[in-house]
Amino acid sequence: MPGELVCFREACRKRFAITDLIYACPTCGSLLEARYELGILDAAALRRLWRERRLSPDSLDQSGVWRFREMLPFLEDYSGVVSLREGNTPLLQAPAAAAYGGLEALAFKHQGYNPSGSFKDNGMTAGVAQARRLGMGTVACVSTGNTSASMAAYAAAAGLKAVIFIPHGNIAYGKLAQALEYGAITFQVEANFDQILALVRELAGREGIYLLNSINPFRIEGQKTIVIEMLEQRGWRAPDWIVLPGGNLGNTSAFGKALRELRQVGLIDRLPRLAVIQAEGAAPFQDLYRRGPGAGLREVAHPETLATAIKIGAPVSWPKALAEVEASAGVVESVTEQEIADAKAVIGRCGIGCEPASAATLAGIRKLAAAGVMGRDADVVAVLTGHLLKDPDYIYRYHTSQLDDPGGRRLASTFGNQPVVVPNDADRIAQLLRQR
Ligand code: F0G
């Protein structure tokens, strides 16, 4: 049951072999999606099998992606899979964040616990497996940082050559440092993410390089397991809402597809609503949602946000993401730089922490709860997409009142925690401690 690639556009729906080297429909240019005969699967048997695999020492079973391989059966065999024990991320209760957001309870599914520190690892192990199956020797991506860090890690582990393209001066140092350390050839291009993606698509075709951006349908297959694992952790009880940040919208597409397929197999009986949160200065998807059915995407030519991970003005996966938001009766919201910064500090105070883009979730929840869209007693899971240490510069600036928004306006350090310089003097320090 290796499946096939199908054009996502309803009016086309052309079908292709799962091994065709294509990233878009050759007939109409639309996005592609992997399809399988999932209807034959037995939900009860799957639940048991997946639970049993937790006891297995096999690296495939220990992976939080390949443990669920029946839901992404695009490979004939698993000999080419490289796992770094991705997935297996926790679901963390965060009462202080819930209170800040205006909810009675809130759980974070923290994808920052992945081997390279972001949710990209779930998709990358799948995309790299497909690259190896196709016999590709070089992989490439354009990235706001996390995709490149993840691709560099998996390519190194798989013995593939990795080439990454990043917008010059616009990525967090933690992410750039990872790519360098994992040995990827790194090009810093003087253009924005959207412009570079067009460049890389051209180069991939010309140079025989395998493209591992989220237009790659196999990465989407891997990212489905974020939601599968979340639901397993919840005993297959669907929450009311799943909240996630939206950039290029690959993850929104993956979550929606996973939920539809889980329902088809009978693992869940209803679809949670998706709430996609964008940064106000890079919110073309929110604009599209607001303008209603039938509208086309208006690209943001110069996207701006300090949450560099989601600084994207022309998200490629918007048609899929829109269909998934609609199928789930979901919503799309945008939040300001100040709202992101404060929400991030609150997540930190829970002992959890995340990178700026991830904190858009809590900022969005606060806004949606205040507007009455999300009930106080709603059962909500927010996905934190990247680790706190991805962007330490942002954190230091926030806590020391030096964080400026992209327009140069100083953000308030609402929950700031300034380090204190003290003399080497126990009496003086004791006195300061008593004051605080
Ligand atoms: N959160 C983080 C931490 C990200 O790195 C990204 C995307 C997103 C959210 C948005 O996810 O694109 O699927 O909607 N980062 C990409 C990258 C674009 O290149 O690393 P999306």
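Everything numeric here is computed off the predicted structure, so don't read it as measured data. (Residues numbered from 1 in each chain as written. Predicted model: local features only at pLDDT ≥ 70, side-chain atom pairs only at ≥ 80, totals over all residues. Heavy atoms only, no water.)

Colleague: What am I meant to see in the overall build of the protein chain here?
Modeller: Along its length, the protein chain carries 15 helices and 13 strands. Here the C-alpha radius of gyration of the protein chain, 21 Å, is about what a compact globule of 436 residues would show, namely 22 Å. Projected onto its principal axes, the C-alpha positions of the protein chain cover 70 × 50 × 45 Å. Within the protein chain, the fraction of its 436 residues that count as buried is 59%. The long-range share in the protein chain, meaning contacts at least 24 apart out of those at least 6 apart in sequence, stands at 68%. Just so you have it, the protein chain exposes about 17500 Å², and 50% of that area is on carbon and sulfur atoms. The centroid of the 47 positive side-chain charges in the protein chain is displaced by 2 Å from the centroid of its 45 negative side-chain charges. (Helix = DSSP H or I, 4+ residues; strand = E, 2+ residues; numbered from the N terminus. Rg over C-alpha atoms; globule rule 2.2 N^0.38 Å. Buried < 20%, exposed > 50% of the residue type's maximum accessible area, 1.4 Å probe, protein only. Contact = heavy atoms within 4.5 Å. Areas by Shrake-Rupley, 256 points an atom, 1.4 Å probe, with all protein chains shown as cover. Lys, Arg positive; Asp, Glu negative; His and termini not counted. Charge placed at Lys NZ, Arg CZ, Asp CG, Glu CD.)

Colleague: For this particular structure, what's the right way to read the sheet that holds strand β8 (residues 185-189)?
Modeller: Note: strands within a sheet are paired through backbone hydrogen bonds, in either parallel or antiparallel orientation. Taken together, four strands build an open sheet; the order of strands is β8-β7-β6-β9 and the sheet is parallel. Only two strands of the sheet have a single partner each, and these edge strands are β8 and β9 (210-211). Sheet topology places strand β6 (residues 138-142) next to strand β7 (residues 161-167); five bridges connect them, and they run parallel. When the sheet's bridge partners are listed, Val-139 is paired in β7 with Ala-162. The strands touched by helix α6 (residues 173-181) are β7 and β8; relative to β8, the strand with the most contacts, the crossing angle is about 145°. Running at roughly 150° to β7, helix α7 (residues 193-207) makes contact with β6, β7, β8 and β9 of the sheet. (Pairing = 2+ DSSP bridges. Axes fitted to C-alpha atoms, helices over the stretch in contact; angles between N-to-C directions.)

Colleague: I tried to follow the packing of helix α12 (residues 337-349) against helix α14 (residues 392-399) on my own but got confused; where do I start?
Modeller: Each pair of packed helices gets described by two things: the angle between the helix axes and the distance between those axes. The geometry of α12 relative to α14 is characterised by a closest axis approach of 11 Å and an angle of 95° between their N-to-C directions. With respect to each other, α12 and α14 are oriented roughly perpendicular. Each of Glu-337, Ile-340, Ala-341, Asp-342, Lys-344 and Ala-345 in α12 lies in contact with α14, whose residues at this interface are Tyr-394, Ile-395 and Tyr-398. (Parallel < 35°, antiparallel > 145°, perpendicular 65-115°, else oblique.)

Colleague: Quick question: what am I supposed to make of the side chain of Asn-248 here?
Modeller: Secondary-structure assignment places Asn-248 in the loop between β10 (241-245) and α9 (250-265). For Asn-248, the residues in contact, after removing those within four places along its chain, are Phe-193, Ser-214, Ile-312, Ala-314, Pro-315, Val-316 and Ser-317.

Colleague: When you look at α7 in this model, what are you seeing that I'm missing?
Modeller: Residues spaced three or four apart along an α-helix face the same direction, because each turn holds 3.6 residues. Taking 1.5 Å of rise per residue, the 15 residues of α7 would be expected to cover 21 Å, and the 20 Å separating its terminal C-alpha atoms lies within 8% of that figure. Tucked inside the fold, the buried residues of α7 contact β6, β7, β8 and β9. Put simply, Asn-192 is the residue that caps the front of α7, since its side-chain oxygen is 3.1 Å from the backbone nitrogen of Asp-194. (Expected span 1.5 Å × (residues − 1). Polar contact = N/O pair within 3.5 Å; in protein donor to acceptor, adjacent residues only side chain to side chain.)

Colleague: Where do I start with empty space enclosed by the protein in this structure?
Modeller: It is a probe the size of a water molecule, rolled over the atoms, that shows where empty space is left. As enumerated under the stated definition, the model contains one cavity of 30 Å³ or more in all. If you add up the space inside the largest cavity, you get close to 320 Å³. If you trace the largest cavity, you find 27 residues lining it, with Phe-119, Lys-120, Gly-247, Asn-248 and Ala-309 closest to the centre. For the lining of the largest cavity, the secondary structure elements donating two or more residues are α5 (146-158), α8 (217-233) and α9. When residues in the lining of the largest cavity are grouped by element, the largest group, three residues, is from α9. (1 Å grid on protein atoms, 1.4 Å probe; cavity = no way out; pocket = protein on both sides within 12 Å on 5 of 7 lines; lining within 4 Å. Points joined across faces, edges and corners; volume = space filled by probe spheres on them.)

Colleague: Got a minute to help me understand the packing of aromatic side chains in this structure?
Modeller: The final tally for this structure, using the stated rule, is eight aromatic pairs. Consider the rings of Tyr-23 and Tyr-210, whose centres lie 5.8 Å apart with planes at 45°: the pair is tilted. Remark: Tyr-210 occurs in strand β9 and Tyr-23 occurs in the loop between β2 (15-17) and β3 (32-35); sequence separation between them is 187 residues. With respect to class, Tyr-23 is no different from Tyr-210; both count as buried. Arranged with centres 5.0 Å apart and planes meeting at 80°, the rings of Trp-50 and Phe-68 form a pair that is edge-to-face. Placement of Trp-50 in helix α1 (residues 43-53) and of Phe-68 in the loop between α2 (59-62) and β4 (91-93) is noted, with a sequence separation of 18 residues between them. (Phe/Tyr/Trp six-rings, centres within 6.5 Å; stacked < 30°, edge-to-face > 60°.)

Colleague: I tried to follow the layout of surface pockets on my own but got confused; where do I start?
Modeller: Its volume calculated, the largest pocket comes out at about 420 Å³. If you trace the largest pocket, you find 18 residues lining it, with Gly-169, Ile-171, Ala-172, Thr-308 and Asp-393 closest to the centre. Residue assignment for the lining of the largest pocket shows that the elements contributing at least two residues are α6 and α14. Grouping the constituent residues of the lining of the largest pocket by class yields eight nonpolar, five polar and five charged. Approximately 300 Å³ is the volume attributed to the second largest pocket. (Nonpolar A, V, L, I, M, F, W, Y, C, P; charged D, E, K, R; others polar.)

Colleague: Is there a simple way to think about the sheet that holds strand β1 (residues 4-7) in this case?
Modeller: As summarised here, the arrangement of the three strands in space is β2-β1-β3, forming an open sheet in which the pairing is antiparallel. In this open sheet, the two edge strands, each paired with only one partner strand, are β2 and β3. Neighbour to neighbour, the strand axes of the sheet diverge by 35° on average, direction disregarded. Where β1 and β2 come together, three bridges link them in antiparallel fashion. Each bridged residue has a counterpart across the sheet, and for Glu-4 the counterpart in β2 is Ala-17.

Colleague: Whenever I open this one, the site of the ligand confuses me. Can you help?
Modeller: In the neighbourhood of the ligand, 20 residues make up the surrounding shell, with Ser-143, Gly-247, Asn-248, Leu-249 and Thr-385 lying closest. For the ligand, an oxygen atom lies 2.8 Å from a polar atom in the backbone of Gly-247. Contact with the protein chains removes 98% of the 470 Å² of surface that the ligand exposes when unbound. Its atoms largely coinciding with the cavity grid, the ligand occupies the largest cavity. Counting residues per element, the ones that place at least two in the shell around the ligand are α5 and α9. For the shell around the ligand, a count of residues per class yields seven nonpolar, 11 polar and two charged. (Near = heavy atom within 4 Å. Sits in = over half its atoms within 2 Å of the grid points.)

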